[in-house]
Amino acid sequence: MKSKLIILGCGSSIGVPRIDGSWGKCDKNNKKNRRTRCSAIIMKGTNSVLIDTSPDIREQLVSNNIKNISSVVFTHEHADQTSGLFELRPFFWKYKKKINIYGNHKTIKHLRNRHEYLFKKVNIYPPIIKSNIIKGKFSLGKFNEKIFFKTVNAVHGATKSLIYVFEKTAYISDCNDLSIIKIKFLKNLKLLVLDCLKYQKHHTHFNLDDALFVHDHLKPKKTILTNLHSDIDYNFLIKRLPKNVVPAYDGLKINL
Ligand SMILES: [Zn+2]
């Protein structure tokens, strides 16, 4: 069965425009520059696996007409990846089933501490989330809708971010770990979704030079740059990229 990936959000932690209306160096007349915080969804038949729950997740699902999610995989514990978790409550009310979430040990521990009421009964409110700690490979979904994942932790500043590989695609939204070019299962993929925060060097993210270095070494058929800060204008960047590297934009759909 065919699968697709939708980039729900491709902005950095503050989004574009920023809450005070600043567009940075982005042309506000280009719709592709309006960026919500990083999140994506993998869809294979009725199996819809959300990657991260950004603060914009409600708007992201509504605007992409996504009516159900099967499970959630988390890259790491930062607020721009996790703070929309409580927005998933209507899916529990609708389907009367706990939502399974997956992440590394640190991310799950953080989520359970910060959103205790979603995991344990508090007053009259039932728990709606079931947490699962990932170690290595796993799969989600049934029969021909099953999606197989390989994972590896990579350095993202002071923390670690989980890289997910599925359907010949890698999703790496937050990373500054150039040693990932040595990971065998990241080589020669069909698609690489890759962190590219800024043009300048950054201590927790890949900048453009880093992203192109990773692209050149891993040699995917196509690379989509994500986690784009407000100093990266879509048209300015796309003109300077090799033809199989493109900036992401919110709502971008890719058949895998
Ligand atoms: Zn982060």
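Note that the structure is predicted; figures quoted are calculated from it, not measured.

## Observations concerning the overall build of the protein chain
Moving on, step 1. Along its length, the protein chain carries seven helices and 14 strands.
Moving on, step 2. Taking 2.2 N^0.38 as the reference for a compact globule, 256 residues should give roughly 18 Å; the C-alpha atoms of the protein chain span a radius of gyration of 17 Å, in line with that estimate.
Moving on, step 3. Seen along its three principal axes, the alpha-carbon backbone of the protein chain occupies a region of about 55 × 45 × 35 Å.
Moving on, step 4. For the protein chain, restricting intrachain contacts to residue pairs at least 6 apart in sequence, the fraction spanning at least 24 positions comes to 60%.

## Quick notes on helix H6 (residues 208-218)
Moving on, step 1. By the burial criterion, the buried members of H6 are Leu 208, Asp 210, Ala 211, Val 214, His 215 and Leu 218. Across the axial projection of H6, the buried residues extend over an arc of 160°, all falling on one side. Among the exposed residues of H6, those pointing more than 90 degrees away from its buried face are Asp 209 and Asp 216.
Moving on, step 2. Where H6 is buried, its residues touch strand S11 (191-195), strand S12 (222-226) and strand S13 (245-247).
Moving on, step 3. Downstream of H6 by one or two residues, Lys 219 has phi in the positive range, about 55°.

## Some details on the nonpolar core
Burial of nonpolar side chains together is a common tendency in soluble globular proteins.
Moving on, step 1. Residues Tyr 164 and Leu 194 are the most contacted members of the largest nonpolar core, which totals 58 residues.
Moving on, step 2. In terms of residue count, strand S9 (residues 159-166) provides more of this core than any other element does, five residues in total.
Moving on, step 3. Discounting residues that sit within four places of it in the chain, Tyr 164 has contacts with Ile 51, Val 73, Phe 149, Thr 151 and Tyr 171.

## Some thoughts on the sheet that holds S12
Moving on, step 1. Across the sheet, seven strands lie side by side as S7-S8-S9-S10-S11-S12-S13; this open sheet has mixed pairing. Edge positions in the open sheet fall to strand S7 (138-140) and S13, since each of these has one partner strand only. Each strand axis lies, on average, 25° off the axis of its neighbour in the sheet, ignoring direction.
Moving on, step 2. Looking at chain direction, S9 and strand S10 (residues 169-172) are connected through three bridges and run antiparallel. Paired with Tyr 164 across the two strands is Tyr 171, which belongs to S10.
Moving on, step 3. Sheet strands in contact with H6 are S11, S12 and S13, and its direction is about 155° off that of S11.

## Here's the deal with the sheet that holds strand S3 (residues 47-51)
Moving on, step 1. Pairing is mixed across the open sheet formed by seven strands, whose spatial order is S6-S5-S4-S3-S2-S1-S14. A strand with exactly one partner marks an edge of an open sheet, and here the two such strands are strand S6 (129-133) and strand S14 (252-255). Here the strands of the sheet are splayed against their neighbours by 20° on average, with no regard to which way each runs.
Moving on, step 2. Bridge analysis of strand S1 (residues 4-9) against S14 gives four bridges, and the strand direction is antiparallel. Within S14, the position partnered with Leu 5 by the bridge is Ile 254.
Moving on, step 3. Each of strand S5 (99-103) and S6 touches helix H4 (residues 105-114); the most contacted strand, S6, lies at about 155° to it.

## Concerning the environment of Asp 210
Moving on, step 1. Summarising the element assignment, Asp 210 is placed in helix H6.
Moving on, step 2. According to the C-beta neighbour criterion, Asp 210 is buried, with 20 such atoms within 10 Å.
Moving on, step 3. With 34 residues separating them along the chain, Asp 210 and Asn 176 place their C-alpha atoms 8.1 Å apart.

## Re the environment of Ser 179
Moving on, step 1. If you trace the backbone, Ser 179 turns up in the loop between S10 and S11.
Moving on, step 2. Between the C-alpha atom of Ser 179 and that of Ala 154, which follows or precedes it by 25 residues, the distance is 8.6 Å.

## Notes on the pairing of S1
Moving on, step 1. By the bridge criterion, five bridges tie S1 to strand S2 (residues 39-44) in an arrangement that is antiparallel. Each residue of the ladder has a partner; that of Lys 4, found in S2, is Met 43.

## Things to note about unusual backbone geometry
Moving on, step 1. For the bond from Val 16 to Pro 17, the omega torsion is -5°, close enough to zero to count as cis.
Moving on, step 2. Among the secondary structure elements, Pro 17 is positioned in the loop between S1 and S2.
Moving on, step 3. Although it is not a glycine, Asn 188 sits at a positive phi angle of roughly 55°.
Moving on, step 4. Summarising the element assignment, Asn 188 is placed in the loop between S10 and S11.
Moving on, step 5. Residue classification places Asn 188 among the exposed positions, given that 11 C-beta atoms sit within 10 Å.
Moving on, step 6. Of note in the backbone geometry, Lys 219 takes a positive phi value of approximately 55° without being a glycine.

Rules used throughout
Residues numbered from 1 in each chain as written. Predicted model: local features only at pLDDT ≥ 70, side-chain atom pairs only at ≥ 80, totals over all residues. Helix = DSSP H or I, 4+ residues; strand = E, 2+ residues; numbered from the N terminus. Rg over C-alpha atoms; globule rule 2.2 N^0.38 Å. Contact = placed C-beta atoms within 7 Å. Buried ≥ 20, exposed ≤ 12 C-beta atoms within 10 Å, placed from the backbone. Arc of directions from axis to C-beta. Core = buried A, V, L, I, M, F, W, Y, C linked by C-beta atoms within 7 Å. Pairing = 2+ DSSP bridges. Axes fitted to C-alpha atoms, helices over the stretch in contact; angles between N-to-C directions.

Any functional reading would require information beyond the geometric quantities listed.
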